[in-house]
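# Analysis of the macromolecular model
As a plain string of letters, each chain reads:
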Amino acid sequence: MEVNPRIEESWKAILEGEFDKQYFKELKEFLVDEKSKYAVYPPGGLIFNAFRLTPFDRARVVLLGQDPYHGQGQAHGLCFSVPPGIAAPPSLVNIFKEIEKDLGIPVPSHGNLERWARQGVLLLNATLTVRANQPGSHQRKGWENFTNAVIGKLSEKRVGLIFLLWGKFAQEKEALIDTNRHYILKAAHPSPYSAYNGFFGCRHFSKTNEILRKHGLEEMDWRV
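These notes cover the structure that comes with them. (Residues numbered from 1 in each chain as written. Predicted model: local features only at pLDDT ≥ 70, side-chain atom pairs only at ≥ 80, totals over all residues. Heavy atoms only, no water.)

### Section: the overall build of the protein
The line we're drawing: Per the convention used, a helix needs a DSSP run of H or I reaching at least four residues, while a strand needs a run of E reaching at least two, with both numbered from the N terminus. The reference for a compact globule is 2.2 Å times residues^0.38; the radius of gyration itself is calculated from the C-alpha atoms. For every residue, the accessible area (1.4 Å probe, protein chains only) is compared with the maximum for its type, and the residue is labelled buried under 20%, exposed over 50%, or partly exposed between those bounds. Only four residue types enter the tally: Lys and Arg on the positive side, Asp and Glu on the negative side; His and the chain ends are excluded. Every charge is mapped to an atom, namely NZ of Lys, CZ of Arg, CG of Asp or CD of Glu.
Regarding its fold elements, the protein presents eight helices and six strands. Reading the helices (α) and strands (β) of the protein from amino to carboxyl end gives α-α-β-α-β-α-α-β-β-α-β-α-β-α. Since a compact globule built from 224 residues should have a radius of gyration of about 17 Å, the 17 Å found for the protein is in line with a globular shape. Principal-axis analysis of the C-alpha atoms places the extent of the protein at approximately 45 × 35 × 25 Å. Residues classed as buried in the protein amount to 54% of the 224 residues present. Averaging the locations of the 29 positively and 25 negatively charged side chains of the protein gives two centres separated by 2 Å.

### Digging into the environment of Phe80
Looking at where Phe80 falls in the secondary structure, it is placed in the loop between strand 2 (61-65) and helix 4 (90-103). Since its relative accessible area comes to 9%, Phe80 is described here as buried. Linking Phe80 and Pro90, residues ten residues apart in sequence, is a C-alpha distance of 9.8 Å.

### What about helix 8 (residues 204-214)?
What counts is decided by this rule: The contact definition used throughout considers only heavy atoms, calling two residues in contact when any of these lie within 4.5 Å.
Considered for burial, the residues of helix 8 that qualify are His204, Phe205, Ser206, Thr208, Asn209, Ile211 and Leu212. Close packing links the buried residues of helix 8 with strand 2, helix 4, helix 5 (114-119), strand 5 (162-166) and strand 6 (183-187). Of the residues flanking the end of helix 8, it is Gly216, one or two places downstream, whose phi is positive at about 70°.

### Points about the pattern of salt bridges
Selection criterion: Whenever Lys or Arg places a side-chain nitrogen within 4 Å of a carboxyl oxygen from Asp or Glu, that contact is recorded as a salt bridge.
In total, this model carries twelve salt bridges according to the counting rule given. Among the salt bridges present, the one from Arg223 reaches Asp221, with a minimum N-O distance of 2.5 Å.

### Brief notes about the sheet that holds strand 6
Heads up, the rule is: Any two strands are treated as partners once DSSP identifies two or more bridges connecting them. The axes are straight lines fitted to the C-alpha atoms, using for helices just the contacting stretch, and the angles between their N-to-C directions are given from 0 to 180°.
Pairing in this open sheet of four strands is parallel, and the strands run 3-2-5-6 from one edge to the other. A single partner strand is all that each edge strand has here, and the edge strands are strand 3 (121-125) and strand 6. Neighbouring strand axes in the sheet, compared pairwise and without regard to direction, differ in orientation by 20° on average. Here strand 5 pairs with strand 6 via five bridges, running parallel. Residue Phe163 lies in a different strand from strand 6, and its bridge partner there is Ile184.

### Side note on the pairing of strand 5
Look at any regular strand and the pattern is simple: side chains alternate between the two faces of the sheet. Counting buried positions along strand 5 yields five of five residues, so the element is predominantly enclosed. As judged from the three bridges shared by strand 2 and strand 5, these two strands associate in the parallel manner. Looking across to strand 5, one finds that Val61 is bridged to Ile162.

### Section: the nonpolar core
Defined as follows: Put simply, a nonpolar core is a bunch of buried Ala, Val, Leu, Ile, Met, Phe, Trp, Tyr and Cys residues held in one set by side-chain atoms that sit within 4.5 Å of each other.
If you look at the biggest cluster of nonpolar residues, it comprises 62 residues, and the most contacted ones within it are Phe51, Trp116 and Phe146. Once residues lying within four places of it in the same chain are set aside, the contact partners of Phe146 are Leu15, Glu18, Phe19, Tyr23, Phe24, Phe48, Phe51 and Leu128.

### Re the pairing of strand 2
The buried fraction of strand 2 is high, at five of five residues. Burial of strand 2 is two-sided: the residues Val61, Leu63 and Gly65 facing one way and the residues Val62 and Leu64 facing the other way are all buried. Across five bridges, the pairing between strand 2 and strand 3 is parallel. The residue bridging Leu64 from the neighbouring strand is Leu124, located in strand 3.

The following block contains the structure:
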């Protein structure tokens, strides 16, 4: 399993120190061991996909997820996203429904969010790998140290980013973000269990574009 991060150069410079820390060495050992016993998602070459598609200096929006999808073929290193040919999971369907209601963009026929990533939406899961069919199985193994460092660097070295924090887990990350330098939009998680408690109607997609427009930046095209 590939756990040597092949990430875009701007991220490499920002995160260089993290890869040498003890927790990251232990995380790599854990992943090598896991892979020898179980199927692990996403495939090794896609673990750092979010960092490959969205360079550090081009990120404009940060969308935080918790865990990769744990079904075969679903995870490809971008939170909430699935590769072409894989049915959109329920949370993603609800995201598309909110976009349709907010912006009038019809629900798409696929769930691949790479187009967002290339426009500057960092689609970041807190944990970057998972054992097949066992959600949460790679939590508290070191990934959170790494992704917390990512959020901290974005907060410290960038200005005017828009953080979309959906659900309690993502909202706990607010403590890592300098709210004087960045925008935070909070809502319920888009999961079918909570979408009706404040995700539907949040209008985060038009609100994000409003903020970008205010700063003279190009709006997001939320089509996929």
